[in-house]
Amino acid sequence: MTRITVTVDGTSYTDDVEPRTLLVHYLRETLGKTGTVVGCDTSNCGACTVHLDGRSVKSCNVLAVQADGREVTTIEGLAKDGQLTPVQQAFHECHALQCGFCTPGMIMQAEDLIAHNDGLTEEDIRVGMEGNLCRCTGYHNIVKAVQQAAGQTEGAKA
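About the thresholds
Within every chain, residues take consecutive numbers counted from 1 along the sequence as written. Restriction of local features to residues with pLDDT of at least 70 applies here, the model being predicted, together with a cutoff of 80 or more for giving and counting side-chain atom pairs; totals for whole chains, interfaces and linings are based on all residues. To get the side-chain values, take all heavy atoms of the structure and skip hydrogens and water. By this definition, two strands are paired if DSSP reports at least two bridges between them. Put simply, DSSP H or I for four residues or longer makes a helix, DSSP E for two residues or longer makes a strand, and each gets a number counted from the N terminus. Helix axes are fitted only over the stretch in contact, all axes being lines through C-alpha atoms; the angle between N-to-C directions runs from 0 to 180 degrees. The term nonpolar core refers to a set of buried residues drawn from Ala, Val, Leu, Ile, Met, Phe, Trp, Tyr and Cys, joined through side-chain atoms within 4.5 Å. Whether a residue is buried, partly exposed or exposed follows from its accessible area with a 1.4 Å probe, protein chains only, as a fraction of its type maximum: under 20%, in between, or over 50%, in that order. Contacts were defined at the residue level, with two residues in contact if any of their heavy atoms lie within 4.5 Å. Throughout this description, any angle smaller than 35 degrees is read as roughly parallel, any larger than 145 degrees as roughly antiparallel, any in the 65 to 115 degree range as roughly perpendicular, and the remainder as oblique. Left-handed describes a crossing whose near helix is turned anticlockwise from the far helix by less than a right angle; the clockwise case is right-handed.

- The name that an unreviewed UniProt entry assigns to the protein is (2Fe-2S)-binding protein, with the source organism given as Georgenia alba.

Right, here's the structure in full:
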């Protein structure tokens, strides 16, 4: 067992973990952060996307011990005082989901994409989101939601 201390959604946790424990399993099974979804366990689908020190990572491809001393943000940590982020609000308004399984990972990736890029074009968004898969939608409303959240469509954030 290895002792780690990690800040998740603003709260510090210290736990003993097996060195082989994936971050996604630590978040879900130890901390109860079940909004982080286990999809493929191979880093192909992006359903498990979280932020590690402010950048998106696929948590099925990161060991919990690699998060020691670092900050993790999950989908549960985005909304503050019940207020959705512009990305979360845009996903709601643009109907950018169907079954919802991929939505947490899509939102986390979109948050990172917008935070680290200015002047995103539709192609930039499609390329930036391509590591996150959705089997229900044609991605049109997901791209529309990211555009809205980035302030590029009518009704976007001020």
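### Here's the deal with the sheet that holds strand 2 (residues 11-17)
Here comes step 1: The five strands are arranged 2-1-5-3-4 in an open sheet whose pairing can be described as mixed. Strands with a single pairing partner mark the edges of an open sheet, and in this sheet they are strand 2 and strand 4 (55-58). Taking each pair of neighbouring strands and ignoring which way they run, the sheet shows an average axis angle of 40 degrees.
Here comes step 2: Of the pairings in the sheet, the one linking strand 3 (residues 49-52) to strand 4 comprises four bridges and is antiparallel in character. Looking at strand 4, one finds that Thr49 is bridged to Lys58.

### A word on the nonpolar core
Here comes step 1: Formed by 23 residues in total, the largest nonpolar core has its most connected members in Val87, Phe91, Met106, Ile125, Met129, Ile142 and Val146.
Here comes step 2: Elements supplying a minimum of two residues to this core: helix 2 (86-93), helix 3 (103-115) and helix 5 (140-149).
Here comes step 3: The leading source of residues in this core is helix 3, at six residues.
Here comes step 4: For Ile125, the contacting residues outside a window of four places in its chain are Leu113, Leu120, Val143, Val146 and Gln147.
Here comes step 5: Core analysis: the second largest hydrophobic core is formed by 14 residues, Val6, Val8, Leu23 and Leu31 among them.

### Some points on the packing of helix 2 against helix 3
Here comes step 1: Where helix 2 contacts helix 3, the two axes come as close as 9 Å, and the packing angle between them is 130 degrees. The orientation of helix 2 with respect to helix 3, classified from their angle, is oblique. Judged by the twist between their axes, the crossing of helix 2 over helix 3 is right-handed. Contacts between helix 2 and helix 3 involve Val87, Gln88 and Phe91 from the first element and Thr103, Met106, Ile107, Ala110, Glu111 and Ile114 from the second.

### Here we look at helix 1 (residues 23-30)
Here comes step 1: Among the residues making up helix 1, those that are buried are Leu23, Val24, Tyr26 and Leu27.
Here comes step 2: Lining the buried residues of helix 1 we find strand 1 (2-8), strand 2, strand 3 and strand 5 (71-73).
Here comes step 3: Directly after helix 1, the chain includes Gly32, whose backbone phi takes a positive value near 75 degrees.

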